[in-house]
Protein chains: 2
Amino acid sequence: IMALRARALYDFNSENPGEVSVKENEIVTLYSEQDIEGWFEGLNGRGERGLFPASYVEILRSDNSSCSTSGDTYPNSRYANIPPGGFDTAPLQRQQPACQASDDDWDDDWDDSSTVADEPGTVGGRYHDFEGNGPSTYRVSTSSMSRGNAQQAKSSATVSRNLNRFSTFVKSGGEAFVLGEASGFVKDGDKICVVMGQYGPEWQENPYPFTCAIDDPTKQTKFKGMKSYISYKLTPTHTQNQVNRRYKHFDWLYARLVEKFPVISVPHIPEKQATGRFEEDFISKRRKGLIWWMNHMTSHPVLARCDVFQHFLTCNSADEKAWKQGKRKAEKDEMVGANFFLTISTPAAPLDFQEVESKIDGFKTFTKRMDDSTLQLSATVNEFARKQISGFKKEYQRVGFSFKVLSQAFEMDQQVYSAGLNQAISFTGDAYEAIGEYFAEQPGKDLDPIMDLLALYQGHLANYPDIIHVQKGALTKVKESHKHVEEGKMDGMQAEGINERCNIISCATLAEIQHFHQIRVRDFKAQMQHYLQQQISFFQKITGKLEEALQKYDNA
Amino acid sequence: IMALRARALYDFNSENPGEVSVKENEIVTLYSEQDIEGWFEGLNGRGERGLFPASYVEILRSDNSSCSTSGDTYPNSRYANIPPGGFDTAPLQRQQPACQASDDDWDDDWDDSSTVADEPGTVGGRYHDFEGNGPSTYRVSTSSMSRGNAQQAKSSATVSRNLNRFSTFVKSGGEAFVLGEASGFVKDGDKICVVMGQYGPEWQENPYPFTCAIDDPTKQTKFKGMKSYISYKLTPTHTQNQVNRRYKHFDWLYARLVEKFPVISVPHIPEKQATGRFEEDFISKRRKGLIWWMNHMTSHPVLARCDVFQHFLTCNSADEKAWKQGKRKAEKDEMVGANFFLTISTPAAPLDFQEVESKIDGFKTFTKRMDDSTLQLSATVNEFARKQISGFKKEYQRVGFSFKVLSQAFEMDQQVYSAGLNQAISFTGDAYEAIGEYFAEQPGKDLDPIMDLLALYQGHLANYPDIIHVQKGALTKVKESHKHVEEGKMDGMQAEGINERCNIISCATLAEIQHFHQIRVRDFKAQMQHYLQQQISFFQKITGKLEEALQKYDNA
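Just so it is clear, the model here is predicted, and its values are computed rather than measured. (Residues numbered from 1 in each chain as written. Chains lettered and ligands numbered in written order. Predicted model: local features only at pLDDT ≥ 70, side-chain atom pairs only at ≥ 80, totals over all residues. Heavy atoms only, no water.)

1. Quick notes on the overall build of chain A
The following threshold applies: Numbering of helices and strands runs from the N terminus; a helix is a DSSP stretch of H or I covering at least four residues, while a strand is a stretch of E covering at least two. Exposure is judged per residue with a 1.4 Å probe applied to protein chains only, and the accessible area is read against the type maximum: over 50% gives exposed, under 20% gives buried, and values in between give partly exposed. Should any heavy atoms of two residues lie within 4.5 Å, those residues are considered in contact. For the area figures, the Shrake-Rupley method with a 1.4 Å probe applies, and any residue is considered shielded solely by the protein chains shown.
When helices and strands are tallied, chain A shows 10 helices and 12 strands. Across the 556 residues in chain A, those meeting the buried criterion constitute 56%. The contacts of chain A with a sequence gap of at least 6 include a subset with a gap of at least 24, amounting to 71%. Accessible area for chain A stands at about 23,300 Å²; split by element, carbon and sulfur atoms hold 49% of it.

Have a look at this one:
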């Protein structure tokens with residue numbers, strides 16, 4: 001059997017243990033063409049072994065054809081119809097390659113493709129790749145291929161933080177809108193207001209703010225246990241009615257939102273990941289990620305109120321008919337992409353485009369710096385957590401063990417007056433072994449939330465290049481129109497229209513930036529406080545343990 | 001030039017970084033025949049590079065003659081008169097080889113051999129080898145060669161923890177005493193009482209207990225700065241008169257004590273060492289070692305009261321004549337070795353030798369276990385200190401740095417409402433960098449004292465095999481005498497004498513063991529308490545710093 005080779009389509013920078021970086025066009029060797037929850041294992045060009053996203057590479061065939069796997073969403077996907085037999089090295093389960101998944105009936109029952117246990121995150125379950133959480137993303141993009149920003153939906157859903165890499169593919173509705181090509185009937189309920197606030201344009205606040213709890217996920221089974229999946233219990237505060245949703249429902253919703261809102265940074269849903277961090281229970285970890293996601297959704301004045309999200313939050317999970325109706329309605333929503341801008345109403349006074357440009361440029365610089373520093377912090381914190389779980393724990397436990405050994409040696413002495421000391425030293429040994437455990441347990445309480453926060457923001461930061469791209473594109477059209485008017489190629493009315501529509505896009509973009517800063521300050525303040533509080537409790541717990549040990553010497 | 005080779009005279013087990021183990025008879029390669037404060041650098045037979053004590057090897061010459069260096073104390077030191085020119089590979093400064101040091105006039109001024117700066121522990125000062133602290137040990141042993149346990153004095157003074165290795169050489173006075181060969185006039189002031197205490201025989205308490213402070217050492221110079229040395233200020237509580245002493249004075253005193261007291265564990269003075277631990281200031285470290293040593297001296301009912309120690313503590317340092325008188329008197333003391341036992345008075349009731357044997361065997365097992373466990377604890381603590389100074393510090397400082405970088409990125413945002421947060425995160429970064437420093441500083445406060453304690457006790461534990469050997473030897477003589485009496489080869493009176501003298505040795509040995517346990521419990525209790533108190537303060541300091549950081553978020 002020939003070594004299975006693939007070519008990297010994009011740069012991928014490894015960020016977690018077990019991952020390996022690849023460069024665009026680099027030739028990599030795969031251990032199997034069967035991906036593990038969207039990841040391939042293999043060697044990169046430098047011989048480093050590890051995981052990289054399956055969607056980042058295209059497999060090289062001996063006949064020089066290539067098949068980019070689960071992530072493939074190019075409209076002219078040449079290899080979509082390669083027969084199963086064409087993949088000669090693939091095991092039986094691989095006979096439904098990702099490229100063919102688009103043939104599945106998307107509108108069938110949500111769970112019909114799930115014929116084996118659907119437990120997210122079980123790396124060993126290699127055969128779950130094309131059902132459950134995986135394919136919904138894929139199908140969304142293929143079935144909605146005709147829409148403006150289908151690629152955006154796909155790429156964001158598949159791998160976060162990499163949207164900017166696909167920016168050349170992104171066809172947001174911005175251009176069409178600026179050029180006046182968008183049209184649709186805006187209902188009163190669809191209206192989205194940008195108001196002038198203290199710091200510039202901002203989204204009108206949600207007059208009915210709410211939050212939504214996500215309770216402990218439970219395993220559900222169907223068809224006499226033949227199918228099983230994880231169900232999350234969602235309880236929004238504005239209805240107080242619990243609904244059950246699966247990861248793939250979140251995934252579907254996410255795709256709808258990305259499609260609908262071209263200049264809003266839709267928070268990324270937690271990634272599928274093959275390498276569990278610190279062996280922490282994956283389900284609990286995903287739940288935490290979904291809680292963060294939900295928090296960002298309900299905090300956003302526009303996202304929180306939109307129909308598809310409300311349908312997701314409120315539709316009775318037992319009423320399949322109602323669910324499907326809402327789902328179809330959302331998928332047929334006209335007010336997406338270019339048409340989204342039609343729904344925006346702006347402050348009376350138009351913006352000064354020069355000022356807008358300066359603000360946008362400043363924000364662009366800001367996001368770059370923030371992206372770099374969150375990446376660095378993320379790596380540092382990850383390593384810090386690893387050290388606490390391994391090295392720090394080991395050191396404290398070794399000291400504890402050595403104290404225990406000393407106390408055991410001392411117990412060989414039968415002098416009555418040394419018994420108290422021996423017990424105290426033995427207790428001290430236990431205390432240090434306990435402190436070692438404290439160090440190992442701590443990252444789950446304080447560093448993990450920091451990492452979750454950083455991951456969420458890295459997702460947002462990955463969204464902004466495209467958002468900025470839309471605004472800059474609009475501004476370029478304005479400049480071009482001015483030139484065209486000067487050259488007599490365009491009438492003033494037409495240019496004025498472009499100006500006005502660019503103003504709408506600019507208002508929306510600045511409102512979104514303003515919102516980003518506000519939740520950023522809120523989130524980082526809260527997380528830093530939480531982190532420090534946890535650290536303080538941690539060191540106090542250690543101090544308490546040591547004080548307990550010290551007391552044992554009082555009567556020794 | 002031929003490689004300089006040497007043969008190991010004894011086993012040496014490396015215990016510190018930089019040292020390398022050698023086995024008896026192993027051939028080693030030296031980098032230079034010039035030792036560094038009593039250590040050679042070279043390769044052992046397994047090709048491992050490092051330091052080993054110069055006194056443990058004899059240099060092999062091409063003419064097959066050998067010269068064991070500074071540690072050489074065999075009476076028939078054949079190579080003492082090799083002309084300087086004979087050492088062809090030696091640099092100029094090497095022209096006074098260690099073998100010749102014995103020609104020096106020992107009774108000359110204490111400092112006369114010191115013609116270059118005498119700063120202990122400066123490894124770079126390679127030319128100090130044959131003056132200052134080094135040679136005094138050597139001269140003591142050669143000048144007292146006629147006495148019973150000169151080798152013991154030498155070997156203990158040169159390298160601690162290795163006395164047991166020389167047990168076959170050790171001719172303590174025990175045998176001579178048991179056989180009734182010791183004789184001398186015991187003055188009232190020389191009388192040493194063993195009394196029956198709650199737990200068996202014990203030394204009569206010192207009715208006038210005292211302690212002695214050792215104040216910060218200062219550098220002294222003589223002969224217009226041509227000679228310099230470190231002087232320690234000693235202030236005993238019973239005189240309140242400060243005297244100045246140099247390390248070599250301690251070294252001389254130590255040799256006297258070892259010579260005089262065959263069944264008392266004389267605490268080892270801090271070793272000369274070439275490899276500084278954690279680059280801590282060597283002088284301050286040696287002072288701490290001397291404080292420990294002094295504490296054990298003044299705590300010992302017999303050692304604290306003996307003449308030579310009192311001379312050392314009280315003789316006016318400016319009065320050279322008085323000093324020399326006391327010195328000569330001590331060196332001519334008749335009540336050393338075998339005669340020491342003449343000075344002991346025992347409780348009226350003789351001991352049950354079976355019970356004594358069982359106690360001694362129990363103690364032997366105890367010392368073995370304690371030696372193993374203190375060695376392990378010592379290694380663990382050393383590694384723990386190293387980790388705190390390197391890894392722990394680095395991790396906390398990296399986290400601190402990453403927080404700083406994040407705050408700098410956030411400062412790119414000109415939103416007024418984020419200024420407070422930026423400052424708080426920046427402060428948090430500083431706090432973590434400070435905590436990193438705390439970790440690096442901490443071992444000096446809590447682990448170093450533990451290591452000093454363990455080193456002192458490892459010295460005591462190394463003394464006990466010889467002490468036990470003396471007692472066991474006496475007991476064997478008793479058994480032999482009983483047999484001889486049965487066989488009619490010895491009269492009852494003679495055997496009774498052996499019995500009585502074995503009783504004296506046994507009383508002294510058990511009193512010493514009892515004293516050992518008492519100070520052990522006292523010292524370990526005090527040190528463990530000190531350690532835990534320091535650790536508690538440390539974690540409280542961290543908590544305080546974090547609380548300070550947390551407060552910065554209150555108005556952020």
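What follows continues from the structure just given.
2. Thoughts on the sheet that holds strand S8 (residues 200-203) of chain B
Hydrogen bonding along the main chain pairs the strands of a sheet, whether they run parallel or antiparallel. Residues and elements named next belong to chain B. For clarity, the cut-off: At least two bridges found by DSSP between two strands are what make those strands a pair.
The 3 strands are arranged S8-S7-S12 in an open sheet whose pairing can be described as mixed. Each of the sheet's edge strands pairs with one partner strand only, and the pair in question is S8 and strand S12 (344-345). Here 2 bridges tie strand S7 (residues 192-197) to S12, and the two strands are oriented parallel to one another. Looking at the pairing, Cys193 lines up with Ser345 of S12.

3. Details of the relation of the copies chain A and chain B
Rule in force here: Here the copies were fitted onto each other by least squares, based on C-alpha atoms from residues at pLDDT of at least 70 in both.
Screw-axis analysis of chain A against chain B gives a translation of 0.3 Å along the axis, an RMSD of 0.5 Å, and a rotation angle of 180°. On the angle and the small slide along the axis, the relation comes out as a two-fold axis. Proximity to the rotation axis, assessed at the C-alpha, singles out Phe539 of chain A in chain A; its C-alpha lies 3.0 Å from the axis. Residue by residue, 100% of the interface of chain A is reproduced at the interface of chain B, so both copies engage with the same surface.

4. Regarding the pattern of salt bridges
Note the threshold: The term salt bridge refers to a side-chain nitrogen of Lys or Arg lying within 4 Å of a carboxyl oxygen of Asp or Glu.
Tallying each qualifying case throughout the model produces 44 salt bridges over all chains. Glu58 of chain A is the partner of Arg7 of chain A in a salt bridge, and the nearest nitrogen-oxygen pair spans 2.5 Å. Highlighted residues: Arg7 of chain A in strand S1 (residues 4-8) and Glu58 of chain A in strand S5 (residues 57-60), separated in sequence by 51 residues. Lys472 of chain B is the salt-bridge partner of Asp361 of chain B, the closest N and O atoms lying 2.7 Å from each other. With a gap of 111 residues between them, Asp361 of chain B in helix H8 (residues 353-410) and Lys472 of chain B in helix H9 (residues 419-486) connect regions that are remote in the sequence. Shared partners join several salt bridges into a network, and the residues in it are Glu383, Arg386 and Lys387 of chain A together with Glu395 and Arg398 of chain B.

5. Concerning the domain arrangement of chain A
All names here are of chain A. Under the convention used in this document: Each domain's extent was defined by an automatic or database domain assignment. What counts as buried area is the accessible surface, traced by a 1.4 Å probe, that two parts surrender upon association, with contributions from both included. Polar contact criterion, stated in full: a pair of N or O atoms within 3.5 Å, where within protein one must be able to donate a hydrogen and the other to accept it, and residues adjacent in sequence count only if both atoms are side-chain atoms. Residue polarity follows a fixed list, in which Ala, Val, Leu, Ile, Met, Phe, Trp, Tyr, Cys and Pro are nonpolar, Asp, Glu, Lys and Arg are charged, and the others, Gly among them, are polar.
When the domains of chain A are assigned, the result is domain 1 (4-60), domain 2 (212-345) and domain 3 (353-554). Here the C-alpha centre of domain 3 lies 25 Å away from the C-alpha centre of domain 2. Between domain 2 and domain 3 lies a buried interface of about 2,100 Å² when both sides are counted; carbon and sulfur atoms form 60% of it. Between the two partners, domain 2 and domain 3, sit 0 salt bridges. Taken together, domain 2 and domain 3 are joined by 11 residue pairs in polar contact (both at pLDDT 80 or more). If you tally residues by element for the side of domain 2 that touches domain 3, the top one is helix H5 (residues 282-299), at 7 residues. When its residues are assigned to classes, the side of domain 2 that touches domain 3 shows 11 nonpolar, 6 polar and 4 charged.

6. Considering helix H9 (residues 419-486) of chain A
Residue and element names in this part refer to chain A. Note the cut-off: What a helix should span is 1.5 Å times the count of its residues minus one. The bend at a residue is defined as the angle formed between two axes, one fitted to the seven residues ending at that residue and one fitted to the seven starting there.
The first and last C-alpha atoms of H9 sit 99 Å apart over 68 residues, in line with the 100 Å expected at 1.5 Å per residue. Of all the bends in H9, the greatest reaches close to 40° and is centred on Leu447; the proline Pro449 follows between one and four positions later. Of the residues trailing H9, Gly488 is marked for its positive phi of about 75°.

7. Description of the pairing of strand S1 (residues 4-8) of chain B
Every other side chain in a regular strand lies on the same face of the sheet, so the side chains alternate between the two faces. Residues and elements named next belong to chain B. Here S1 shows a clear split, with Leu4, Ala6 and Ala8 buried on one side and none of Arg5 and Arg7 buried on the other. Looking at chain direction, S1 and strand S2 (residues 27-30) are connected through 4 bridges and run antiparallel. When the sheet's bridge partners are listed, Arg7 is paired in S2 with Ile27. Relative to strand S5 (residues 57-60), S1 is paired through 4 bridges, and the arrangement is antiparallel.

8. Focus: helix H10 (residues 492-551) of chain B
Taking 1.5 Å of rise per residue, the 60 residues of H10 of chain B would be expected to cover 88 Å, and the 87 Å separating its terminal C-alpha atoms lies within 8% of that figure. Here H10 of chain B starts with a cap whose side-chain oxygen sits 3.2 Å from the backbone nitrogen of Met493 of chain B, and that cap is Asp491 of chain B.

9. Here's the deal with the environment of Gln415 of chain A
Residues and elements named next belong to chain A. In this structure, Gln415 sits in the loop between helix H8 (353-410) and H9. The class for Gln415 is buried, based on a relative accessible area of 15%. C-alpha separation for the pair Gln415 and Asp523, spaced 108 residues apart in sequence, amounts to 60 Å.

10. Examining the environment of Asp491 of chain A
Residue and element names in this part refer to chain A. Structurally, Asp491 can be placed in the loop between H9 and helix H10 (492-551). Considering only alpha carbons, one finds Asp491 and Ser481, 10 residues apart in sequence, at a separation of 9.1 Å. Of the polar contacts made by the side chain of Asp491, one reaches the backbone nitrogen of Met493; its length is 3.1 Å. A distance of 2.8 Å separates a polar atom in the side chain of Asp491 from the backbone nitrogen of Gln494.

11. What about the side chain of Thr543 of chain A?
Relative to the helices and strands, Thr543 of chain A resides in helix H10. A distance of 2.7 Å separates a polar side-chain atom of Thr543 of chain A from the backbone oxygen of Phe539 of chain A. Contacts of Thr543 of chain A, omitting those with residues within four sequence positions, involve Ile536, Phe539 and Gln540 of chain B.

12. As for the sheet that holds strand S12 (residues 344-345) of chain A
All names here are of chain A. Threshold: A fitted line through C-alpha atoms represents every axis, and for helices the fit uses only the stretch in contact; the resulting angles, taken between N-to-C directions, go from 0 to 180 degrees.
The 3 strands lie next to each other as S8-S7-S12, forming an open sheet whose pairing is mixed. Every interior strand has two partners, whereas the edge strands, strand S8 (200-203) and S12, have only one. Sheet strands touched by H10: strand S7 (192-197), S8 and S12. Its angle to S8, the strand with the most contacts, is close to 75°.

13. Focus on the packing of aromatic side chains
Defined as follows: When the centres of two rings from Phe, Tyr and Trp lie within 6.5 Å, Trp using its six-membered ring, the rings pair. Their planes under 30 degrees apart give stacked, over 60 give edge-to-face, and anything left gives tilted. The criterion for a charge sitting over a ring is simple: Lys NZ or Arg CZ within 6 Å of the ring centre, and within 35 degrees of the ring normal.
Counting across every chain of the model gives 64 aromatic pairs over all chains. Consider the rings of Phe538 of chain A and Phe539 of chain A, whose centres lie 4.9 Å apart with planes at 55°: the pair is tilted. Each member of the pair, Phe538 of chain A as well as Phe539 of chain A, carries the same accessibility label: buried. Ring geometry for Phe439 of chain B versus Phe538 of chain B: centroids 4.9 Å apart, planes at 85°, classification edge-to-face. Here Phe538 of chain B lies in helix H10 and Phe439 of chain B lies in helix H9, a separation of 99 residues in the sequence. Each of the two residues, Phe439 of chain B as well as Phe538 of chain B, counts as buried. The ring centre of Tyr438 of chain B lies 4.3 Å from the NZ or CZ of Lys541 of chain B, which sits over that ring.

14. Describing the packing of H8 of chain A against H10 of chain A
Residue and element names in this part refer to chain A. Rules: By definition in this entry, angles of less than 35 degrees are roughly parallel, angles greater than 145 are roughly antiparallel, angles of 65 to 115 are roughly perpendicular, and the rest are oblique. In this scheme the crossing of two helices becomes right-handed for a clockwise turn of the near helix relative to the far one and left-handed for an anticlockwise turn of less than a right angle.
Relative orientation of the contacting elements H8 and H10 amounts to 30°, with a least axis distance of 11 Å. With respect to H10, the element H8 is oriented roughly parallel. The way H8 lies across H10 gives a crossing that is left-handed. Here H8 contributes Phe353, Val356, Lys359, Ile360, Phe363, Phe366, Met370 and Phe384 to the contact with H10, which in turn contributes Asn499, Cys502, Asn503, Ser506, Thr509, Leu510, Ile513, Phe516, His517, Arg520, Phe524 and Tyr531. In terms of residue class, the contact of H8 with H10 is made up of 13 nonpolar, 5 polar and 2 charged.

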